[in-house]
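Here is what each chain is made of, one letter per residue.
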Amino acid sequence: MAVIRPFKALRPNKETAASVAALPYDVYSREEAREVVKGDDLTFLRIDRPETQFPAGHDIYAEEVYDKADEMLQEMEEKGIFVQDPKACYYIYELTMDGRAQTGLVAASSVDDYMNNVIKKHENTRKDKEADRIHHVDTCSAQTGPIFLAYRAKDEIRSLISRIKEQEPEVAFVSGDGIAHKVWVIDTDADVEALTEAFAAMDHTYIADGHHRAASAVRVSLRRREAKPDYTGEEEFNYFLSVLFPDDELMILDYNRVLKDLNGLSAEDMLAKIATVCDVEKAAEAPYHPSAKGEMGFLVDGCWYKLTVKAEKTMDDPVEALDVAFLQREILKPMWGIEDPKSDTRIDFVGGIRGLEELERRCKKDCAAAFSMYPTSIGELFSVADADLLMPPKSTWFEPKLRSGLFIHKIER
């Protein structure tokens, strides 16, 4: 059973919510983050990336940096910019992008579910990235970045949430990137109980995005448990901030690849090699957007090609059947010599939100070739996670991005 529960969210007041809400901390480089927060005393990025409050070059992992995040959060609460709800609630968070809406339930998810694999994962985490968020959560005693969870859609949940959405939202704004955000509060006992029971009937929920944030929240929970041997399990540190979305509303964009060189080959020779594992033809359109699983676009020497995986090269394994896995296994490793795409400097990754024009720009600027991918599906993600396997790096790009600062889950100091 999947255990979720309501919580007393610390939230920005209605007047400041639009100004406080910020994209996740990890979508920005250090320089970009400094530019975004410049002259802005409300954006939550100041708290998520507190190194922006120090001179350039300051150690971003220094103790005083995390202390600054805690100080700013407390200051904003004291000023009434953030207000904690007096009653534990669930919340509805709707995001609309290009006319397409997805509606999530904001809840506290069980740390034990994470450890017992009720919450399924599909990605490994890096200790260095975990360490930063562990320090942040531990110092602030607050989970500030929601973990994006998915579940198999259920009619009773959709019906209940749809009924509540007929009311006026408590918060509604359009962010600078054109995404519409709306928030409703679920505070009636009957609705809270119905949602809790509906999720308890599920075998699993799935991390779609936010593996490092989830792992960090769990690590802090284990620290708090160790420091409080008589903990009851009811403490807030036994749960982490999450937004749960039905699988049929989620949009995964392509995650494309650019290559710095052709590994010493001419374009003609590389195409000949690729033709041993794919059917190759000149694309009828440029840039080329693959239209189905098993298709890829390949850009080289200013020309787009359509690649179709040869039937004998397809596999049934949940991971190896992924297009990104095929590309790595059959093309990047044997033809480019790229053993580890996470560390090889000759490959770079471009999220689909940037468009295929970005691949063309990179190939004119600093790259020799590019692959446009068909998006990994949420069904494929579930299949990999259900098999307790891991996806290759950079397999999924979820849009729209959940905003930080709209919901904060405070845990005991």
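Position labels on residues start from 1 in each chain and follow its written sequence. Per-residue local features are limited, in this predicted model, to residues with pLDDT of at least 70; the limit for side-chain atom pairs, both in listing and counting, is 80 or more; totals at the level of whole chains, interfaces and linings are taken over all residues. As a rule here, side-chain values cover all heavy atoms of the structure and leave hydrogens and water aside.

Peer 1: How do you make sense of the overall build of the chain when you look at a structure like this?
Peer 2: Scanning the chain for helices and strands turns up 13 helices and 21 strands. A compact globule built from 413 residues should have a C-alpha radius of gyration of about 22 Å, and the chain, at 23 Å, falls within 12% of that. C-alpha extents for the chain along the principal axes are approximately 65 × 50 × 45 Å. Throughout, exposure labels follow a simple rule: accessible area from a 1.4 Å probe, protein chains only, divided by the maximum for the residue type, with under 20% read as buried, over 50% as exposed, and the rest as partly exposed. Looking at the chain residue by residue over its 413 residues, the buried ones come to 54%. Contacts in the chain between residues far apart in sequence, at least 24 positions, make up 78% of those at least 6 positions apart. Only the protein chains shown count as cover for residues, and all accessible areas are computed by the Shrake-Rupley method using a 1.4 Å probe. Split by element, the accessible area of the chain, about 18,000 Å² in all, is 47% carbon and sulfur. Here the chain holds 53 positive side-chain charges and 77 negative ones, and the gap between their average locations is 2 Å. In DSSP terms, a helix is any run of H or I states spanning at least four residues, a strand is any run of E spanning at least two, and both are numbered starting from the N terminus. As defined in this context, the radius of gyration uses C-alpha atoms, and a globule is described by 2.2 Å times the residue total to the power 0.38. Here, two residues are considered to be in contact whenever any of their heavy atoms come within 4.5 Å of each other. None of His or the chain ends enter the tally, which takes Lys and Arg as positive and Asp and Glu as negative. Just so you know, the charge point we use is NZ for Lys, CZ for Arg, CG for Asp and CD for Glu.

Peer 1: For this particular structure, what's the right way to read the sheet that holds strand 16 (residues 295-300)?
Peer 2: Adjacent strands of a sheet form backbone hydrogen bonds with each other and so pair up, either parallel or antiparallel. Pairing within the open sheet is antiparallel, and its 6 strands lie in the order 15-17-16-19-14-18. Each end of this open sheet is capped by a strand with a single partner; those strands are strand 15 (278-282) and strand 18 (347-351). Going from strand to strand, the sheet's axes swing by 25 degrees on average, the running direction of each strand aside. Paired strands are those between which DSSP finds at least two bridges. Relative to strand 19 (residues 369-373), strand 14 (residues 255-259) is paired through 3 bridges, and the arrangement is antiparallel. Along strand 19, the bridge assignment pairs V258 with A370. The convention used is that axes are lines fitted to C-alpha atoms, helices contributing only their stretch in contact, and that angles between N-to-C directions extend from 0 to 180 degrees. Helix 11 (residues 323-336) rests against strand 14, strand 15, strand 16, strand 17 (303-309), strand 18 and strand 19 of the sheet, and its axis sits at about 165 degrees to strand 19. Helix-sheet contacts for helix 12 (residues 357-365) involve strand 14, strand 16, strand 17, strand 18 and strand 19, and the interaxial angle to strand 19 is about 170 degrees.

Peer 1: Even after reading the chapter, I still don't get helix 6 (residues 127-140), so can you show me in this structure?
Peer 2: Along an α-helix, a turn takes 3.6 residues, which lines up residues three or four apart on a common side. Here helix 6 spans 20 Å end to end across 14 residues, near enough to the 20 Å set by a 1.5 Å rise per residue. Among the residues of helix 6, E130, D132, R133, I134, H136, V137, T139 and C140 are the ones counted as buried. Of the surrounding elements, those touching the buried residues of helix 6 are helix 3 (45-48), helix 4 (63-78), strand 7 (142-143) and helix 9 (211-227). Following helix 6 by one or two positions, S141 has its phi on the positive side, about 50 degrees. The length a helix should cover is 1.5 Å for every residue beyond the first.

Peer 1: What am I meant to see in the environment of A283 here?
Peer 2: The topology assignment puts A283 in the loop between strand 15 and strand 16. Each C-alpha atom of the pair A283 and I179 lies 32 Å from the other, and the pair is 104 residues apart in sequence. Those residues within four positions of A283 in sequence are excluded, and the remaining contacts are Y288, W304, Y305 and K306.

Peer 1: Looking at this structure, I do not really get the environment of L262. What am I missing?
Peer 2: With respect to the secondary-structure elements, L262 resides in the loop between strand 14 and helix 10 (267-274). Judged by its relative accessible area of 11%, L262 falls in the buried class. Put simply, L262 and A172 are 90 residues apart on the chain and 49 Å apart in space, counted from C-alpha to C-alpha. When neighbours within four sequence positions are excluded, L262 is seen to be in contact with A267, M270, V300, W336, A368 and A369.

Peer 1: What's the story with the pattern of salt bridges in this structure? I'm lost.
Peer 2: Opposite charge on two side chains allows them to pair when their charged atoms are near. In the sections that follow, a salt bridge refers to a side-chain nitrogen of Lys or Arg positioned within 4 Å of a carboxyl oxygen of Asp or Glu. Summed over the entire model, instances satisfying the criterion amount to 40 salt bridges. The partner of D26 in a salt bridge is R213, with the nearest N and O atoms 3.8 Å apart. You can see D26 sitting in the loop between helix 1 (17-20) and helix 2 (30-37) and its partner R213 sitting in helix 9, a full 187 residues away along the chain. Judged by its relative accessible area of 14%, R213 falls in the buried class. In this structure, the salt-bridge partner of E71 is K68, at a minimum N-O distance of 3.2 Å. Of this pair, E71 and K68 both sit in helix 4, 3 residues apart, roughly one helical turn. Residue K68 is classed as partly exposed on the basis of its relative accessible area, which comes to 22%. Ionic contacts of the salt-bridge type, sharing partners, join the residues K313, E320, R329 and E330 into one network.

Peer 1: How should I be thinking about a negative patch on the surface in this particular structure?
Peer 2: Each patch is built from residues lacking any salt bridge and having more than 30% relative accessible area; the joining distance is 9 Å for like charges and 5 Å for nonpolar side chains (Val, Leu, Ile, Met, Phe, Trp, Tyr). A grouping of D59, E63, E64 and D67 is seen on the molecular surface, where their side chains present a negatively charged patch. Inspection of the secondary structure assignment puts D59 in the loop between helix 3 and helix 4.

Peer 1: Would you explain the side chain of E235 in this entry?
Peer 2: When you line up the elements, E235 lands in the loop between helix 9 and strand 12 (239-246). Comment: no salt bridge for buried E235; closest opposite-charge side chain is K228, at 4.4 Å. Throughout this description, a polar contact denotes any pair of N or O atoms lying within 3.5 Å of each other; where both atoms belong to protein, one of them has to be capable of donating a hydrogen while the other can accept it, and for residues adjacent in sequence the pair is counted only when both atoms sit in side chains. At a separation of 2.9 Å, a polar atom in the side chain of E235 contacts the side chain of N238. Beyond its immediate stretch of four places on either side in the chain, E235 contacts R5, K228 and E412.

Peer 1: Is there a simple way to explain unusual backbone geometry in this structure?
Peer 2: When glycine is set aside, most residues are seen to have a negative phi, and most peptide bonds are trans. The amide bond that connects A286 to the next residue, P287, takes the cis arrangement and shows omega of -5 degrees. Considering the arrangement of structural elements, one finds P287 in the loop between strand 15 and strand 16. Following E399, the chain continues into P400 via a peptide bond in cis, with omega recorded as -5 degrees. Turning to its location among the elements, P400 is positioned in the loop between strand 20 (397-399) and strand 21 (409-410). Positive phi, close to 55 degrees, is recorded for N263, a residue that is not glycine. Secondary-structure assignment places N263 in the loop between strand 14 and helix 10. Despite not being glycine, D388 has its phi angle at roughly 55 degrees, a positive value. Residue position: D388 is located in the loop between helix 13 (378-386) and strand 20.

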